[in-house]
Structure formats: C-alpha cells, structure tokens
Amino acid sequence: MRQIKIFDTTLRDGEQSPGCTMNLKEKIEIAKCLEKLKVDVIEAGFAISSPGDFESVNTIAKNIKECEIASLARSTEKDIDAAWEAVKVAENPKIHLFIATSKLHMDYKLRMTEEEVLERIKYMTAYAKKYCSSIEFSAEDATRSELEFLAKATEVAIANGATVVNLPDTVGYSTPDEMKRMISYVLEHAEGAKDIELSVHCHNDLGMATANSLAGVQAGARQIECTINGLGERAGNTALEEVVMAMKTRADSFTDIDCRIDTTQLYRASKTVYNVIGQHAPLNKAIVGQNAFSHESGIHQHGVQANKLTYEIMTPESIGIHVNNIVLGKHSGKHAFQEHIEEMGYQLSEEDLLKSFDAFKALCDKKKNVNDDDITAIILDNTGAEMEVNEDDYRLDWFAVHTSNFTTSTSTVCLRKGDEKFEQVALGDGPVDAAIAAIDKIMNPGEHIFGKFSINSVSEGKDTLGSVSVTLETPNQKFIGRGLSTDVIEASIRAYINAANKMISSDKKAKITAQD
Ligand code: KIV
Ligand code: ZN
C-alpha cells in the first residue's frame, strides 16, 4: 500500500482567502477537528507574518499531538527562525520553506538569477535542517517552471536535507496531463526524488485542483496539500474532502493507495469550518453540499429505492451524515441526546453537553421535527469558539418589534451585561435595521462598515432554524458574528450582538497591548 499523506493548510492558505480571517480560539477549534480527522500535517500558519499568527502556530504546536505541525517560511533566515521558534514545542515539528522557481517569478518578483535561487535553496534548506529534521521545500509556481530547472531545484533541496519537496500549481494553471508529466519528470530526473516525498499543492482557478492533485498522485506524488471545503486564495485550494473521497470511492483507479483520514469526520469538519467563517456550503458542493446526497428527480428516487448503487456512488454515512435522522424529540433525555451526538462524531465536555441539551429541548418546543442538521447547528452554536461568551459581553435579554410595509419599523431591545440591563428603542428601515440601531445605542461598537449579511435555513419547513451571519469590517479586521433561532429577526439580532462583542473585546485587547 502506498500511503498518501494529507497536509492540511486550512489555517494558512485557507485563511488567506478573503473574509476567512480566524481568531486564535477558532483556529484551535479547527486544529482539533483536523486532528480527529487524522490529517498527517497541519500547516498552522505563517509565523513571521504577524504576532497573532506566531501565537496561533505556537499554541497549536503545544496542543496538537497526533499530527505534524508546520509553519510556513520564506527562504530567509529570519522567517525560518520565527517558524522554528513557533513550532519547536510540537511533538512533531516541521518547517516549510519556499521560493519561486518559474522564470516569471524569478525575473519580476525575486529579481534573482537561476544560480542565485539554487544557492538560496541550498543555504536555506541546510539552515532550516540545523533546527528541525522534518523539512519541506516548496518550489512556488512549479507548474510554470522549466522542468529541467525544477528538477535541479528539487535535487538541491533534497541534497541539503528536505524530506518533502512540494511542487505547487500556485496560480491554478495546470491540467491533469501536465501535472502527471511534471511529477514523472521530477521523479525521473532529480536525484534522490524517489527517496523522499513529492507533494502536490493545487489551486482551483480553472476548477481543476482536485483532478490535478489526483493526477499527481497517479504519477507518484506521496502527499496532497489541501484545505477543508477547498478554502483558499482566489478560487481556493484543493478540497480535502474531495481528494480523499475520490481516492476511497475510486479505489479501482487508485490501486494500493490509502490515506489515514477518518472519513466519518469529514462532514463535521466541513460544518465547523463553514461555521467559523460564517458561510455555508454551496448547495451543489461536492461531498458536503446539501444536495450532494439528495435525489430529487423521480427517476433517480425510483432507482435509488430499487438499488442504491444506481445513482449513489458513496454513502452519506461514510462522511458522517446520519440518514436515520429523526430519532430524537421532546421526550428524549440527556442520555439519549448524548448517545446520538456521539454517533454523529461529537464528544462534548459536560458543560457543552448541558448547554447543547438545553438548547435542543428549547428547540423541541418550537419545532416539530428536530433532525441532525438542527442538532449540528445547535452544537456549533453553543460550543463553537466564536460563540464563547466573555464576562463583559452583552447578551440579549428581550426584544420587541413593530413593523409593517407602509411605515418605518420600530424596535426595542434590552441587553444584559453582568447584572446590569440596558434598554433602547430605535427606528429603521425594517425590524432588523431598527434593532441594530437600538443595539448600537447600547453597545456603541465603534466605526465599522456593515459587511456581509446572510440568512440560511438549517433544514426544511416553515419552522426551520434560521442561521444568520453578519460581518463587521474595520480597516484592519473583520468580525464575523453568528445567530441561530427559529425566528430570523432574533437570529439576526443575536448575530449582530455576537459580532459587536468581538469587535469591542478586540478593541479593548489592542488598547491593553498598546499601554503595556
Ligand atoms: O500556492 C503556493 O505556491 C503556496 C506555497 C507557499 C506552498 O501556497
Ligand atoms: Zn497555495
């Protein structure tokens, strides 16, 4: 069996995608999910890029034991120093250094000759190797590099200690044929390439990231770099769930190939990541989209009833979706709830379990059929890092709205902070606008632009839970807030308060650091 390593870069390349900035707690939550998923490597960030990134790489390095923890570094001493400083506490640390090898990048970005780039690879790989035995070298823009030079760069990196050489399709330009040719060429022509791991890292600009990564594996690559939900710059990176399920489902095309991933954790990991970034899977997203396993048309339904294999190439259970859905209700006890969520892949602390169970009971009073999508939303809403409540956060006590389609709306909102209560009333263009104006009078979150506002239904039916996400933008940061309720006005109010609390608490932290 050839083991394909899964290198997850959700927390580094994924986080670079617009609107996907994550705070430390959110990154740790995702890292824990990745550990459960059994990825081989977690690229936790780019340590030199900011003190916040350094802290998150370092905290993940301290807390995650079952995966290698990598930090990215440009090929400079100070980048490598910072990367090592951040990951050295990990049980399995890794330094990932890169430099571009395409003529375009060398001429215009680096302004370096081929000889200078080779010299830099030699020196910097050896420099990193003094710190750490596990070294990955990436030849940025490999797919647009001259093959002969790419093989030479690979050879130099290997000779100086690289244990993995990654050949990225940085701008998502390659095709599966080219990918195969590149991997085969480097394996054939770079001395030592067969003894280390060659890796692929594809971007999805032409929608071929998954196909290209798999073509790389077929040609002999032993590692795929990818992100949950295909998050990443521009059109994103290779989606982890897609390459993994493709290799498992098409074992006939990937003979004697396996990876460590526990596929039953895929759905949960996908939901967690979408939840953190305040987004939802596109309905038709492969593997994790809401329609991925639904068979709407009569012909398909008939076929699936007669024999599942007619239209179903993999089972929802294999990625952790429970089809035997509606088993819990108003009369279910805490024990049954706990058993059910454990089957769904959630292991909660006693405190989180109680919070989630209370929310589940409250929902049962409002909604006739509570299914797994509702339960997932409840768990994420009550346990997710982004929902953590600080002592001096404002919380919703109650609200009232008066609205119609012929007058201005009025909202009254009462918030609590500790033992104090604050009540304000405001007018607005609709009940949500009015409620936000009332909340602003109480919380005064400061200058910001109201960015994305999205409302999604968690499941089906007119009593479905509404999940709202709100993004507040300041010149340097984005704050994503989330709210959940069977009433979308309440969900919107909760989402806004959540985002405003984050904004206020980040502002306080900035002031404390500035004074220190
Ligand atoms: O896309 C890319 O080339 C990268 C490298 C830094 C590995 O992300
Ligand atoms: Zn990349």
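Residues numbered from 1 in each chain as written. Chains lettered and ligands numbered in written order. Predicted model: local features only at pLDDT ≥ 70, side-chain atom pairs only at ≥ 80, totals over all residues. Heavy atoms only, no water.

**Looking at the sheet that holds strand β16 (residues 478–485)**
Strand pairing in a sheet relies on backbone hydrogen bonds, with the paired strands running either antiparallel or parallel. Here is the rule: DSSP-based pairing: two strands are paired if at least 2 bridges between them are found. Think of it this way: any DSSP run of H or I at least four residues long counts as a helix, any run of E at least two long counts as a strand, and we number them from the N terminus. Between N-to-C directions, angles cover 0 to 180 degrees, with each direction set by a line fitted to C-alpha atoms, over the stretch in contact for helices.
The antiparallel open sheet is built from 3 strands, whose spatial order is β14-β15-β16. Each edge of the open sheet is held by one strand with a lone partner, namely β14 (449–457) and β16. Averaged over all neighbouring strand pairs, the angle between strand axes comes to 15°, with direction disregarded. One ladder, built from 7 bridges, connects β14 with strand β15 (residues 466–473); its direction is antiparallel. Note on β15: the bridge partner recorded for Phe 450 is Leu 472.

**Comments concerning the packing of helix α13 (residues 334–343) against helix α14 (residues 350–366)**
Note the threshold: To sort the angles, those under 35 degrees are grouped as roughly parallel, those over 145 as roughly antiparallel, those from 65 to 115 as roughly perpendicular, and the leftovers as oblique. Residues count as neighbours in contact if any of their non-hydrogen atoms are within 4.5 Å of one another. Classification convention: Asp, Glu, Lys, Arg as charged; Ala, Val, Leu, Ile, Met, Phe, Trp, Tyr, Cys, Pro as nonpolar; all other residues, Gly among them, as polar.
Packing of α13 against α14 brings their axes to within 10 Å, and their N-to-C directions diverge by 110°. Taken together, the axes of α13 and α14 are roughly perpendicular relative to one another. Within the contact between the two elements, α13 uses Lys 334, Phe 337, Gln 338 and Ile 341 and α14 uses Glu 350, Leu 353, Leu 354, Ser 356, Phe 357 and Phe 360. Of the residues assigned to the contact of α13 with α14, the class counts are 6 nonpolar, 2 polar and 2 charged.

**Regarding the domain arrangement of the protein**
To be explicit about the condition: An automatic or database domain assignment supplies the residue ranges for each domain. Defined here as a combined quantity, buried area equals the accessible surface (1.4 Å probe) lost by two parts on assembly, summed across both. In what follows, salt bridge is the name for a side-chain nitrogen of Lys or Arg lying within 4 Å of a carboxyl oxygen of Asp or Glu.
Assigned domains within the protein: domain 1 (2–257), domain 2 (322–386) and domain 3 (389–515). Taking only C-alpha atoms, the centre of domain 2 and the centre of domain 3 are 25 Å apart. Contacts between the two partners involve 12 residues from domain 2 and, on the opposite side, 11 residues from domain 3. Across the domain 2 to domain 3 interface the summed buried area is about 970 Å²; carbon plus sulfur atoms make up 51%. Here domain 2 is connected to domain 3 by 0 salt bridges. Listing elements by their share of the side of domain 2 that touches domain 3, those giving two or more residues are α14 and α15 (372–383). The element best represented in the side of domain 2 that touches domain 3 is α15, accounting for 6 residues. Partitioned by chemical class, the residues of the side of domain 2 that touches domain 3 number 4 nonpolar, 1 polar and 7 charged.

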